[in-house]
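# Structural characterization, general
Below are the chains, spelled out letter by letter.
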Amino acid sequence: MNTSSSFFVTGTDTEIGKTLVSGALILKLREQNKHVVGFKPVVAGTYLEANGKLLNEDLETLRIASHLSPEELNLCPYVLDTPAAPHIAAAQLGLQLNLATIIKAYELIRAQAESVVVEGAGGFLIPLNTTEDLSDFAAQINLPVILVVGMRLGCINHALLTVEAIESRKLKIAGWIANSLSSKMDLLEDNIQALQTRIHAPFLGLIPTLPSEIEKPNNAPYTLAALQFAAEHIQLPS
Ligand SMILES: Nc1ncnc2c1ncn2[C@@H]1O[C@H](COP(=O)(O)OP(=O)(O)OP(=O)(O)O)[C@@H](O)[C@H]1O
Ligand SMILES: C[C@H](N)[C@H](N)CCCCCC(=O)O
Ligand SMILES: [Mg+2]
């Protein structure tokens, strides 16, 4: 695996566009003829597909981006049905998430791909269990981090807290992306400017609100058109 074209994608919160960005990054790496696959340490939340299968939107999006068929490769070791904090969703089933299992699944993917785009779950510090959290996973795999900032009021504080947490684990921030979410925030450009002067890592672009005809449907992955739209607005770290 090529670590200079593999990334850990984190964000200022859950539901701020990590999956949109991860899919777009996969498309951009594929444009460079890289064999790139996605990975998620854990997903929480499934939907029932017409054929009766329970699927997860993020994993299906990563498959669409990588052009992987439904059963090809195991992109995630923990698929939980309840859309909640993963360690809580797991506890409800009498399960405990553990870092070693996640690392093992990641290593299997890493061995089979040239590049891996790892999408975090929720924000940077979500717990896995009482002693481990997602940042332990990020620190162990040691990939350059891409921070997605969901552009809404409060994002400056969330972004700066996340940057501190990433940097205190000695991880490299390869860049950050502003994602405009479903409605454009007031004073968007001023907020981006405020972040640019405070995040000492490259700004890789602003993804505008998706046009309505390609917005993500409920209980379904992003379409390729949405991922392509996002990809056109961002650049890969140089
Ligand atoms: N640029 C955008 N334009 C319009 N809607 C967006 C945009 N980005 C994200 N969204 C909406 O926000 C929702 C959350 O986005 P997404 O699933 O990519 O977030 P996430 O950070 O990956 O969440 P999770 O923590 O669950 O993995 C999506 O369902 C989508 O409808
Ligand atoms: C279910 C959701 N979409 C995410 N996959 C998990 C979000 C975890 C958030 C935990 C927290 O920070 O409180
Ligand atoms: Mg996601």
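So, how was this worked out
Residues numbered from 1 in each chain as written. Chains lettered and ligands numbered in written order. Predicted model: local features only at pLDDT ≥ 70, side-chain atom pairs only at ≥ 80, totals over all residues. Heavy atoms only, no water. Salt bridge = Lys/Arg side-chain N within 4 Å of Asp/Glu carboxyl O. Buried < 20%, exposed > 50% of the residue type's maximum accessible area, 1.4 Å probe, protein only. Donors = N, O, S within 2.8 Å, 3.2 Å for Na, K, Ca; no water. Helix = DSSP H or I, 4+ residues; strand = E, 2+ residues; numbered from the N terminus. Polar contact = N/O pair within 3.5 Å; in protein donor to acceptor, adjacent residues only side chain to side chain. Contact = heavy atoms within 4.5 Å. 1 Å grid on protein atoms, 1.4 Å probe; cavity = no way out; pocket = protein on both sides within 12 Å on 5 of 7 lines; lining within 4 Å. Points joined across faces, edges and corners; volume = space filled by probe spheres on them. Nonpolar A, V, L, I, M, F, W, Y, C, P; charged D, E, K, R; others polar.

Tallying each qualifying case throughout the model produces eight salt bridges. The residue Lys-184 makes a salt bridge to Glu-189 at a minimum N-O spacing of 3.5 Å. You can call Lys-184 exposed: its relative accessible area is 54%.

Only Thr-19 (OG1), Asp-58 (OD) and Glu-119 (OE) from the protein coordinate the magnesium ion (ligand 3), and they sit 2.0 to 2.1 Å from it. Motif for the magnesium ion (ligand 3), donor spacing along one chain: T-x38-D-x60-E. Here Asp-58, found in helix α2 (residues 57–66), pairs with Glu-119, found in strand β7 (residues 115–119); they are 61 residues apart in sequence, far enough to count as distant.

The next thing to look at is the environment of Ala-225. Structurally, Ala-225 can be placed in helix α8 (residues 224–232). Distance in space between the C-alpha atoms of Ala-225 and Ser-22 is 14 Å, their sequence separation being 203 residues.

With that settled, consider the side chain of Asn-56. The residue Asn-56 is located in the loop between β5 (54–55) and α2 in this model. Here Gly-45 takes part through its backbone oxygen, which lies 2.7 Å from a polar atom of the side chain of Asn-56. Engagement of the side chain of Asn-56 in a polar contact is seen with the backbone nitrogen of Leu-59, the distance being 3.0 Å. Discounting residues that sit within four places of it in the chain, Asn-56 has contacts with Val-43, Gly-45, Thr-46 and Tyr-47.

Where empty space is left in the structure can be found by rolling a water-sized probe over the atoms. Here the largest pocket defines a volume of roughly 1100 Å³. As for the largest pocket, its lining consists of 38 residues, and the residues nearest its centre are Glu-15, Glu-57, Asp-58, Lys-216 and Tyr-222. Among the secondary structure elements, those contributing two or more residues to the lining of the largest pocket are α1 (18–31), β3 (43–44) and α2. Within the lining of the largest pocket, the residues separate by chemical class into 17 nonpolar, 13 polar and eight charged. Of the volumes computed, that of the second largest pocket is approximately 350 Å³. Along the wall of the second largest pocket there are 18 residues; nearest its centre are Lys-53, Leu-55, Glu-60, Arg-63 and Pro-70.

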